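Topology and contacts: notes
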Amino acid sequence: MSVAKKDYKRITTKSLIEMKANGEKISMLTAYDYTMAKIVDTAGIDVILVGDSASNVMAGHETTLPITLDQMIYHASSVVRAIERALVVVDLPFGSYQSDPKEALRSAIRIMKESGGHAVKLEGGKEIKDSIKKILNAGIPVMGHLGLTPQSIYKFGTYTVRAKEEEEALKLMEDAKLLEKLGCFAIVIEKVPADLAEKVAKSISIPVIGIGAGGGVDGQVLVIHDMLGMNNEFSPRFLRRYMNLYEGMTTAISQYVADVKSSDFPNANEQY
């Protein structure tokens, strides 16, 4: 029997746990600026992730590693000013939490105070448990991230599917249970076999949000530039493009250039 969908005027960490309990899937997209966040929030998204993927899609870096804490705070504060309903989760960038739990707490506090974000996200399991505990003890909500963790790309050496072997799959399951026990309110699982992701989601009470992890989890997340087709160079199997904005925008801009060159723009009705 289906459960009636609850109308949330404002999404909180508690809302997401209720959604999982009620069998309602969680929708999540990235945003990095005011205008895009306003559109995404108005469309009814549950969670906006201010991802360190801004390093790729906004700044043009090859990896997520170069983006700084100051830059993440800038993007996050731009997003927070736009939203009315969505929960805003902000990535802690590479180097801001791995080495020292005290540094991790300082980084998380800066994000919460200076951006107004609602939660932070960290990549990793057992290796960073002390940092997670420190942040949670300060009252800051934490979302975990397991599977393919892009901040560790040079360790992996490839963006291929993770946890296909039994040893890594067992560690992922153990890490998920550990993150739940520590007090994380949700976990992103990236690019792992669908059956494993589903097992993880069924084994814990907090939501599991997948990207390239199949449909058996509690929600889905994509990078906004990818799902809108603004980035035509990235085509993994898990990506569904809902628009082709790259083509539409280049066509429109080319037309604008032609109209300016031919003096067609502005016309008599487009001037004072």
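Numbers given to residues run from 1 along each chain, matching the order in which its sequence is written. Two thresholds apply to this predicted model, a pLDDT of at least 70 for residue-level local features and 80 or more for giving and counting side-chain atom pairs, whereas whole-chain, interface and lining totals are computed over all residues. To get the side-chain values, take all heavy atoms of the structure and skip hydrogens and water.

1. As for the overall build of the protein
For the protein, the count of helices and strands is 11 helices and eight strands. If you line up the protein on its principal axes, its C-alpha atoms span 65 × 45 × 40 Å. Exposure is judged per residue with a 1.4 Å probe applied to protein chains only, and the accessible area is read against the type maximum: over 50% gives exposed, under 20% gives buried, and values in between give partly exposed. In the protein, buried positions account for 47% of the 272 residues. Note on areas: Shrake-Rupley, 1.4 Å probe, and residue coverage restricted to the protein chains presented here. When the accessible surface of the protein is split by element, carbon and sulfur atoms take 53% of a total near 14,300 Å². The charge count treats Lys and Arg as positive and Asp and Glu as negative. His and the chain ends do not count. The atoms used to mark charge sites are NZ of Lys, CZ of Arg, CG of Asp and CD of Glu. Averaging the coordinates of the 32 positive side-chain charges in the protein and doing the same for the 34 negative ones gives two points 6 Å apart. Here a helix means four or more residues in a row that DSSP labels H or I, a strand means two or more in a row labelled E, and each is numbered from the N terminus.

2. Observations regarding the packing of aromatic side chains
Pairing of aromatic side chains requires ring centres within 6.5 Å, counting the rings of Phe and Tyr and the six-membered ring of Trp. Pairs whose planes differ by under 30 degrees are stacked, by over 60 edge-to-face, and all others tilted. Under the definition given, this model contains two aromatic pairs. Geometrically, the ring pair formed by Phe234 and Phe238 is edge-to-face, given 6.4 Å between the ring centres and 70 degrees between the ring planes. Given a relative accessible area of 34%, Phe234 falls into the partly exposed group.

3. Details of helix H9 (residues 194–203)
Among the residues of H9, those classed as buried are Leu196, Ala197, Val200 and Ala201. With its buried residues spanning 135 degrees around the axis, H9 presents them on a single face. Set apart from the buried face of H9 by more than 90 degrees, the exposed residues are Lys199 and Lys202. Working definition: the arc comes from the directions between the helix axis and the C-beta atoms, pointing outward to the latter.

4. Observations regarding the pattern of salt bridges
Pairing between side chains becomes possible if they bear opposite charge and their charged atoms approach one another. Definition used for salt bridges: Asp or Glu carboxyl oxygen within 4 Å of a side-chain nitrogen of Lys or Arg. Counted according to the given criterion, the structure contains 12 salt bridges. The shortest N-O distance in the salt bridge between Arg110 and Glu114 comes to 2.7 Å. Here Arg110 and its partner Glu114 are both found in helix H5 (residues 101–115), four residues apart, which amounts to about one turn of the helix. A salt bridge links Asp175 to Lys171, with the nearest nitrogen and oxygen atoms 2.5 Å apart. Taken together, the positions of Asp175 and Lys171, both in helix H8 (residues 166–182) and four residues apart, correspond to about one turn of that helix. With relative accessibility at 7%, the residue Asp175 sits in the buried group.

5. Considering the nonpolar core
Only buried residues count toward a nonpolar core, which is a set of Ala, Val, Leu, Ile, Met, Phe, Trp, Tyr and Cys residues joined through side-chain atoms within 4.5 Å. With 80 residues, the main nonpolar core has Ile48, Val120, Leu122, Ile135 and Val200 as its most contacted residues. At six residues, the largest contribution of residues to this core is made by helix H4 (residues 69–80).

6. As for the side chain of Ser55
The residue Ser55 is located in helix H3 (residues 54–57) in this model. Take Ser55: its relative accessible area is 1%, and that puts it in the buried class. Within the structure, Ser55 has its side chain in polar contact with the backbone oxygen of Thr63 (distance 2.8 Å). In this view, Ser55 contacts Gly60, His61, Thr63, Thr64, Leu65, Pro66 and Ile67; residues no more than four positions away in its chain are not counted. Residues adjacent in sequence count toward polar contacts only when both atoms are side-chain atoms; beyond that, a polar contact is any pair of N or O atoms within 3.5 Å, and within protein one must be able to donate a hydrogen and the other to accept it. Here a residue-residue contact requires only that any non-hydrogen atoms of the pair lie within 4.5 Å.

7. Observations concerning unusual backbone geometry
Following Phe265, the chain continues to Pro266 via a peptide bond in cis, the omega torsion being 0 degrees. As for its placement among the helices and strands, Pro266 is situated in the segment after helix H11 (245–261). One non-glycine residue with positive phi stands out, namely Lys191, at about 50 degrees. Inspection of the secondary structure puts Lys191 in the loop between strand E6 (186–190) and H9.

8. Here's the deal with the sheet that holds strand E5 (residues 142–147)
Within the closed barrel, the eight strands sit side by side as E1-E2-E3-E4-E5-E6-E7-E8. Their pairing is parallel. Along the sheet, successive strands turn relative to each other by an average axial angle of 25 degrees, direction set aside. Note: two strands are recorded as paired if DSSP finds a minimum of 2 bridges between them. Working convention: axes come from line fits to C-alpha atoms, limited for helices to the stretch in contact. Angles between N-to-C directions cover 0 to 180 degrees.

9. Topic: a positive patch on the surface
Patches were defined on residues exceeding 30% relative accessible area and lacking a salt bridge, with like-charge contacts within 9 Å and nonpolar side-chain contacts (Val, Leu, Ile, Met, Phe, Trp, Tyr) within 5 Å. Residues Lys126, Lys129, Lys133 and Lys181 make up a contiguous surface patch of positive charge. Considering the arrangement of structural elements, one finds Lys129 in helix H6 (residues 129–137). Residue classification places Lys129 among the partly exposed positions, given a relative accessible area of 32%.

10. Some thoughts on H8
What sets the pattern is the α-helix's 3.6 residues per turn: residues three or four places apart point alike. The span you would expect from a helix comes to 1.5 Å times its residue count less one. If you check H8, its first and last C-alpha atoms are 24 Å apart, about what 17 residues at 1.5 Å a residue would give, namely 24 Å. Of the residues making up H8, those classed as buried are Ala169, Leu172, Met173, Asp175, Ala176 and Leu179. Viewed along the axis of H8, the buried residues span an arc of 160 degrees, placing them on a single side of the element. Projecting away from the buried face of H8 at angles above 90 degrees are the exposed residues Glu166, Glu167, Glu174 and Lys181. Turning to H8, the residues buried within the fold contact H6, E5, E6 and H9. Gly183 occupies a position one or two residues after H8 and carries a positive phi of about 120 degrees.

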